[in-house]
Amino acid sequence: MRDQAEQLRERMQQNRKARPTRLITVSSGKGGVGKSNFSLNFGLGLIERGHKTILFDVDLGLANLDVLMGISPRHNLFHLLEPDKTVWDILERGPGNLEFIAGGSGFTQIMQLEDAKLDRLFSQLEPLHGYADTIIFDTGAGVSKESIRFMLSSDEVILVTTPEPTAITDAYAVIKMIHSRNPQVQIRMVINRATSEREGRATADKLAMVAKRFLNMEIGTLGYITDDPHVSKAVKLQRPFLLAYPESQASKSIRKLVGSYLNHASAPERDSGGGLRGFLAKLKNFVR
Ligand SMILES: Nc1ncnc2c1ncn2[C@@H]1O[C@H](COP(=O)(O)OP(=O)(O)OP(=O)(O)O)[C@@H](O)[C@H]1O
Ligand SMILES: [Mg+2]
């Protein structure tokens, strides 16, 4: 039985003028550089600006985002394999009205699904196209096979790094890998935990210069996030820092970043990647 809320939601979705959905994968070379905190607060920042955003946890069952939001999702992606479940059933609501999909026990499991099930799972996600303005995929630590698949299927990759040399070298390795396998993917950097904007800019310039020189690849910068003790405080409270400490430096950095993102021409309008449908088709090819 479909409940009223679900019917209403479907109707609203049908009434919405279909608009292109931007798909971004948030990745890093080194783990622990702030991807999940960035994805969550960036998503909330977009919502603040009236931009409908869905956050998708594609971490390998580590459930990072649930913990950061202080919620226990009732559903995850794998519930889509159940006969009566639709994508509207598995969309969870987090703080600040952020809609969220939990990855469940991980995408490695997806590779083991038989073809019919995989098709069902992917086609069930299609209604999200045109429903959300942006879908953010938060990937796990390091460069797993699954993260690579997401990066190569996306229109846009947001590569998070800190100014530390080890994080920068690992970020460069990701840039190189993407370049060799799908040079169409647009990469933009976010420099997290910068002690100043100057340090952030120097880090971004360094990476962009190396990519240009050795790969002849243009890498843009989306922005910088200050190293701010409010981030760790918010993590301990299990609340997003944008909501717990809206006036903190980290929150200010996020808002600025959101502004740059919204000013930038939308990826699906620029290329013919085919939005969510195209993304899922590519992802499926990589899975098989
Ligand atoms: N801007 C920041 N200022 C201060 N501390 C930060 C900042 N960003 C992240 N941190 C710290 O880094 C920790 C790890 O962040 P987060 O979980 O977002 O990283 P991650 O890249 O998603 O990690 P993983 O690779 O394990 O998924 C946070 O718990 C916080 O303590
Ligand atoms: Mg994470």
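Procedures and definitions
Residues numbered from 1 in each chain as written. Chains lettered and ligands numbered in written order. Predicted model: local features only at pLDDT ≥ 70, side-chain atom pairs only at ≥ 80, totals over all residues. Heavy atoms only, no water. Helix = DSSP H or I, 4+ residues; strand = E, 2+ residues; numbered from the N terminus. Buried < 20%, exposed > 50% of the residue type's maximum accessible area, 1.4 Å probe, protein only. Contact = heavy atoms within 4.5 Å. Near = heavy atom within 4 Å. Polar contact = N/O pair within 3.5 Å; in protein donor to acceptor, adjacent residues only side chain to side chain. Areas by Shrake-Rupley, 256 points an atom, 1.4 Å probe, with all protein chains shown as cover. Nonpolar A, V, L, I, M, F, W, Y, C, P; charged D, E, K, R; others polar. Pairing = 2+ DSSP bridges. Core = buried A, V, L, I, M, F, W, Y, C linked by side-chain atoms within 4.5 Å. Lys, Arg positive; Asp, Glu negative; His and termini not counted. Salt bridge = Lys/Arg side-chain N within 4 Å of Asp/Glu carboxyl O. Phe/Tyr/Trp six-rings, centres within 6.5 Å; stacked < 30°, edge-to-face > 60°. Axes fitted to C-alpha atoms, helices over the stretch in contact; angles between N-to-C directions. Parallel < 35°, antiparallel > 145°, perpendicular 65-115°, else oblique. Left-handed = near helix turned anticlockwise from the far one by under 90°.

S.K.: Pulling in residues and values, what's your account of the overall build of the protein chain?
M.R.: Per the secondary structure count, the protein chain includes 14 helices and eight strands. By residue count, 54% of the 288 residues in the protein chain fall in the buried class. Across the protein chain, contacts joining residues at least 24 apart in sequence account for 80% of those joining residues at least 6 apart.

S.K.: I'd like to hear about the site of ligand 1, residue by residue, with values.
M.R.: Taken together, 18 residues form the shell around ligand 1, and within it Gly32, Lys35, Ser36, Asn37 and Asn192 come nearest. Contacts to ligand 1 include Lys35, whose side-chain N or O atom sits 2.7 Å from an oxygen atom. One of the side-chain nitrogen or oxygen atoms of Asp227 is found 3.5 Å away from a nitrogen atom of ligand 1. Taken by itself ligand 1 offers 640 Å² of open surface, and the protein chains cover 82% of this. Secondary structure elements with two or more residues in the shell around ligand 1: α2 (35–48), β7 (186–194), β8 (220–226) and α10 (229–237). When grouped by side-chain class, the residues that make up the shell around ligand 1 number five nonpolar, nine polar and four charged.

S.K.: Explain the sheet that holds strand β4 (residues 99–101) to me, and be specific about the residues and the numbers.
M.R.: An order of β3-β4-β2-β5-β1-β6-β7-β8 is seen for the eight strands of this open sheet, with the pairing classed as mixed. Of all the strands in the sheet, just β3 (92–93) and β8 have a single pairing partner and so form its edges. Pairing of strand β1 (residues 22–27) with strand β6 (residues 156–161), which is carried by four bridges, proceeds in the parallel orientation. Paired with Ile24 across the bridge in β6 is Glu156.

S.K.: Before we move on, could you go through the nonpolar core and cite the residues and values that matter?
M.R.: Counting 32 residues, the largest nonpolar core has Phe38, Leu40, Phe42, Ile158 and Val190 as its most contacted members. The set of elements that each furnish at least two residues to this core consists of β1, α2, α3 (64–69), β6, β8, α10, α11 (241–244) and α12 (249–263).

S.K.: Explain the side chain of Asp133 to me, and be specific about the residues and the numbers.
M.R.: Looking at the element boundaries, Asp133 is found in the loop between α6 (115–125) and β5 (134–138). There is a polar contact of 2.6 Å between the side chain of Asp133 and the backbone nitrogen of Lys52.

S.K.: Residue-level account of the side chain of Asp228, with values.
M.R.: Along the polypeptide, Asp228 turns up in the loop between β8 and α10. Although Asp228 is buried, it makes no salt bridge; Lys233 carries the closest opposite charge, 7.3 Å away. Only 2.8 Å separates the side chain of Asp228 from the side chain of His230, close enough to count as a polar contact. Polar contacts involving the side chain of Asp228 include one to the main-chain amide nitrogen of Ala250, which spans 2.9 Å. With residues up to four places along the chain from it excluded, the contact list for Asp228 reads Ser248, Gln249 and Ala250.

S.K.: I'd like to hear about the packing of aromatic side chains, residue by residue, with values.
M.R.: For any pair of aromatic rings, the description rests on two quantities: the centre-to-centre distance and the angle between the ring planes. Inspection of the entire model under this criterion finds seven aromatic pairs. Aromatic side chains Phe42 and Tyr261 sit 5.1 Å apart centroid to centroid with 80 degrees between the ring planes, which places their arrangement in the edge-to-face category. Within this pair, whereas Phe42 is found in helix α2, its partner Tyr261 is found in helix α12, the two being separated by 219 residues in sequence. Within the aromatic cluster, the residues linked to one another by ring pairs are Phe56, Phe137, Phe150 and Phe279.

S.K.: So what's going on with the pairing of β5? Which residues, and what values?
M.R.: Across the five residues of β5, five count as buried, placing the element largely inside the fold. Judged by which residues are buried, β5 turns out to be covered on both faces: Thr134, Ile136 and Asp138 on one side and Ile135 and Phe137 on the other are all buried. Here five bridges tie β1 to β5, and the two strands are oriented parallel to one another. Bridge pairing in β5 places Thr25 opposite Phe137. Note: strand β2 (residues 53–57) against β5, five bridges, orientation parallel.

S.K.: Pulling in residues and values, what's your account of unusual backbone geometry?
M.R.: Residue Asn97 is not a glycine yet carries a positive backbone phi of 65 degrees. Positive phi is not limited to glycine here, since Asn216 has a value of about 50 degrees. Among the structural elements, Asn216 can be located in the loop between α9 (197–215) and β8.

S.K.: Help me get a handle on the packing of helix α7 (residues 145–153) against helix α8 (residues 165–181), residues and values and all.
M.R.: To characterise two packed helices, one gives the angle between the axes of the helices and the distance between these axes. Remark: α7 packs on α8, axes separated minimally by 10 Å, with the N-to-C direction vectors making an angle of 60 degrees. With respect to each other, α7 and α8 are oriented oblique. Read as a crossing pair, α7 and α8 show a hand that is right-handed. Contacts from Ile148, Met151 and Leu152 of α7 reach α8 at Val174, Met177, Ile178 and Arg181. Partitioning the contact of α7 with α8 into residue classes produces six nonpolar, no polar and one charged.

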